[in-house]
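Residues per chain are reported as follows:
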Amino acid sequence: MILMENVSKWYGSFQVLNGCTTSVSKGEVVVVCGPSGSGKSTLIKTVNGLETIQEGKITVEETIVSNRKTNLNQLRSRIGMVFQNFELFPHMSVLENVKLGQMKVLGRADSESENKAKLLLDRVGLADHAAKFPSQLSGGQQQRVAIARGLAMDPIAMLFDEPTSALDPEMINDVLDVMVELANDGMTMMVVTHEMGFAKKVADRVVFMDEGKIIEDATKDDFFGSPRSDRAQQFLSKILSY
Amino acid sequence: MQYNWDWGILFRDPYIWWLVDGLQWTLTIAICAWVIAFCLGSILGIMRTSINPYLRFIGTAYVELFRNVPLLVQLFLWYFVFPELLPEEAGRWVKREMPMPGFTTTVLALGLYTASRLCEQVRSGIEAVGIGQRNAGRAIGLSETKVYIHILLPNAYRIIIAPLTSEFLTIFKNSSLALTIGVIELTGMTRQIEEYTFQGFEAFTAATVIYSLVTFTVMGFMLHLEKRLYVPGMIAAEK
């Protein structure tokens, strides 16, 4: 469903992405991990065109993202995205946050959007908080609203950019639970995360990045059982040693 | 110093009406110029944060031009030089037939100058809302225009209410420059009272009080507005 071929990107003379090739099939959960600055957040943002690329090709279903003529707005409305810092709209209630895209992008009626929003908020366990403003919620709650906001668009895939790294340890599980449930429901997901527990639980494949390159792209069992590269072994031994 | 104080002068006909008349002109100039500054400044501020490099360039060029020439010089340029640069017919119309030439020129000059300052405030407000919010809007499929309408601008204006207040107070006080091209607004009237009665202290005290009353009213109104638009968790309005 998502196909990346030889994707390269430079910030000035600094190369952030170096010939990245990978894919996510329908219903698959792919976890992208790697040390800070390895380009994983940049990589996931290229999927819906939030970051442009200079070389290579990205295709989502039949749409070529990297083509300048592509209607990115239409593509983005079909791919949900969740950010590290939640990025809920602070001047709108939780309910309005989940309604906005449905009404202004998909053109759904007010009542229909509201029903859908309430349903999704209930699904992420926040039905009681619909009238609150984002700042009145905890980080974990905000992130679950952000997931509901993405799901409200009936996306064909969900992108998660370090969804739990700005959260208190206690809140992380609430968010991961929602994500696991999504994965089990068959949602196509690409997840940048350091949560190896999550990867072990639901990932189909793990992509390991370092210095802008994809070093390892393996099934979950291969990656955790016998990582081929030294770099991945090093990384795993460090983050799994606690 | 021999000086005959006479505060009563301020309440005597016709001087009290001169003050009222002057205040009316001052307010009219300030409000008209504000409308121009606010609308044009907002458009330019949006342009300066646009993804389109040409729009960004136009916005930047405008700001650099209008912000870096003293307001008084701009006023004189519009009043004395601009009509000469126009085609003959239009130039004559501006000089001879344009209604209220001093007033119109002041409103225009003050509005265009303040727009450059408004532009910078709107720009900094939008930038303060941040790239994260912009991306979040884009990610649900909103067009650039809709991202501005529904996300960036509502938050940016809330953030800049306080500097906007200062800006309105500045435009209100800057309107006194109109007297240099013959508009007898509040400061002009005050000088006129002084010339007719030699009661300069009383006249200028009156002007000071009137200017202050207006600015305090504006500040009170803006504070009220800030409270009404308050969004939980927003730094700007957290009191």
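Can you explain the overall build of chain A? Please cite residues and give values.
Looking only at helices and strands, chain A features nine helices and ten strands. Compactness check: chain A gives a C-alpha radius of gyration of 18 Å against a globular reference of 18 Å for 242 residues, within 12% of the reference. Structurally, chain A occupies a C-alpha span of about 55 × 45 × 30 Å along its principal axes. A burial count over chain A gives 55% of its 242 residues as buried. Contacts in chain A between residues at least 24 apart in sequence constitute 65% of all its contacts with a sequence separation of at least 6. Accessible area for chain A stands at about 10,600 Å²; split by element, carbon and sulfur atoms hold 45% of it. Of note, chain A has its 26 positive side-chain charges centred 4 Å away from the centre of its 31 negative side-chain charges.

Explain the sheet that holds strand S7 (residues 157-161) of chain A to me, using residue names and the numbers behind them.
The strands that make up a sheet pair up through hydrogen bonds in the backbone, lying either parallel or antiparallel. Residues and elements named next belong to chain A. Here six strands make up an open sheet; going across it, the order is S6-S7-S8-S3-S9-S10 and the pairing mixed. For this open sheet the edge positions go to strand S6 (79-82) and strand S10 (213-219), each flanked by a neighbour on one side alone. On average, each strand axis in the sheet is inclined to that of its neighbour by 15 degrees, with strand direction left out of account. Relative to strand S8 (residues 189-192), S7 runs parallel, the two sharing four bridges. Counted as the bridge partner of Leu 159 is Met 190 from S8. Sheet contacts for helix H6 (residues 169-184): strand S3 (29-33), S7 and S8; angle to S8, the most-contacted strand, approximately 150 degrees. Against the sheet, helix H9 (residues 230-240) makes contact with S3, strand S9 (205-210) and S10, and its axis sits at roughly 100 degrees relative to S9, the strand it touches most.

Let's hear about the pairing of S6(A): which residues, and what values?
All names here are of chain A. Here S6 shows a buried face lined by Ile 79 and Met 81 and a second buried face lined by Gly 80 and Val 82. With four bridges joining them, S6 and S7 adopt parallel strand pairing. Bridging across to S7, Ile 79 finds its partner in Ala 157.

For unusual backbone geometry, give the residues involved together with the corresponding values.
Note: most residues except glycine have negative phi, and most peptide bonds are trans. The step from Asp13(B) to Pro14(B) runs through a cis peptide bond, and the omega angle for that step is 5 degrees. By the secondary structure assignment, Pro14(B) is in the segment before helix H1 (15-48). Phi is positive for Glu61(A), close to 50 degrees, though the residue is something other than glycine. Among the secondary structure elements, Glu61(A) is positioned in the loop between strand S4 (55-60) and strand S5 (63-64). For Glu61(A), a relative accessible area of 34% corresponds to the partly exposed category. Of note, the phi angle at Met100(B) is positive, near 45 degrees, even though the residue is not glycine. Here Met100(B) lies in the loop between helix H4 (88-97) and helix H5 (101-129).

So what's going on with the confidence of the model for chain B? Residues and values would help.
Looking at chain B, the pLDDT average stands at 93 and 97% of residues meet or exceed 70. What the predictor reports for the complex is a pTM of 0.90 with an ipTM of 0.93.

A description of a nonpolar patch on the surface should follow, citing residues and the corresponding values.
All names here are of chain B. Where nonpolar side chains cluster on the molecular surface, the patch consists of Leu 72, Val 73, Phe 76, Leu 77, Phe 80, Val 81 and Leu 85 and spans about 600 Å² of accessible area. By the element assignment, Val 81 lies in helix H3 (residues 71-85). Among the residues examined, Val 81 registers a relative accessible area of 36% and is labelled partly exposed.

Before we move on, can you summarise the environment of Glu127(B) with the specific residues and values?
Examined against the element boundaries, Glu127(B) turns out to sit in helix H5. Taking the C-alpha atoms as reference points, Glu127(B) and Thr49(B), 78 residues apart in sequence, are found 7.5 Å from one another.

Can you explain the interface of chain A and chain B? Please cite residues and give values.
A common measure of how large an interface is: the accessible area buried when the components associate. Taken together, the contacts link 23 residues of chain A with 21 residues of chain B. When residues of chain A are sorted by the area they lose upon contact with chain B, Phe89(A), His91(A) and Lys104(A) head the list and together hold 28% of the total. The tally of links from chain A across to chain B stands at zero salt bridges. Here chain A is connected to chain B by six residue pairs in polar contact (both at pLDDT 80 or more). For the side of chain A that touches chain B, the elements supplying multiple residues, two or more each, are helix H2 (72-76), S6 and helix H3 (94-104) of chain A. Among the elements that make up the side of chain A that touches chain B, the one with the highest residue count is H3(A) (three residues). When its residues are assigned to classes, the side of chain A that touches chain B shows twelve nonpolar, seven polar and four charged.

Give a detailed account of the sheet that holds S5(A), specifying residues and quantitative values.
All names here are of chain A. Read from one edge of the open sheet, four strands run S2-S1-S4-S5, paired in antiparallel fashion. Strands at the two margins of the open sheet, each flanked by one partner only, are strand S2 (14-24) and S5. Pairing of strand S1 (residues 2-11) with S2 involves seven bridges; the strand directions are antiparallel. In the sheet register, Ile 2 faces S2, and the bridge partner there is Val 24. Against the sheet, helix H1 (residues 40-47) contacts S1, S2 and S4, and its axis sits at roughly 120 degrees relative to S1.

Outline the pattern of salt bridges, listing residues and values.
Taken as a whole and judged by the stated rule, the model has 27 salt bridges over all chains. With a shortest N-O distance of 3.2 Å, Lys99(A) and Asp110(A) are connected by a salt bridge. Here Lys99(A) is found in helix H3, whereas its partner Asp110(A) is found in helix H4 (residues 110-123), with eleven residues between them in sequence. Judged by relative accessible area, which is 9%, Lys99(A) ranks as buried. The class of Asp110(A) is partly exposed, set by a relative accessible area of 40%. When the shortest N-O distance is used, the salt bridge between Arg123(B) and Glu127(B) registers 3.3 Å. With a gap of four residues between them, Arg123(B) and Glu127(B) both fall in helix H5, about one helical turn apart.

The rules behind each value
Residues numbered from 1 in each chain as written. Chains lettered and ligands numbered in written order. Predicted model: local features only at pLDDT ≥ 70, side-chain atom pairs only at ≥ 80, totals over all residues. Heavy atoms only, no water. Helix = DSSP H or I, 4+ residues; strand = E, 2+ residues; numbered from the N terminus. Rg over C-alpha atoms; globule rule 2.2 N^0.38 Å. Buried < 20%, exposed > 50% of the residue type's maximum accessible area, 1.4 Å probe, protein only. Contact = heavy atoms within 4.5 Å. Areas by Shrake-Rupley, 256 points an atom, 1.4 Å probe, with all protein chains shown as cover. Lys, Arg positive; Asp, Glu negative; His and termini not counted. Charge placed at Lys NZ, Arg CZ, Asp CG, Glu CD. Pairing = 2+ DSSP bridges. Axes fitted to C-alpha atoms, helices over the stretch in contact; angles between N-to-C directions. pLDDT = per-residue confidence, 0-100. Patch = residues over 30% accessible without salt bridge, like charges linked within 9 Å, V, L, I, M, F, W, Y side chains within 5 Å. Salt bridge = Lys/Arg side-chain N within 4 Å of Asp/Glu carboxyl O. Buried area = accessible area lost by both parts, 1.4 Å probe. Polar contact = N/O pair within 3.5 Å; in protein donor to acceptor, adjacent residues only side chain to side chain. Nonpolar A, V, L, I, M, F, W, Y, C, P; charged D, E, K, R; others polar.

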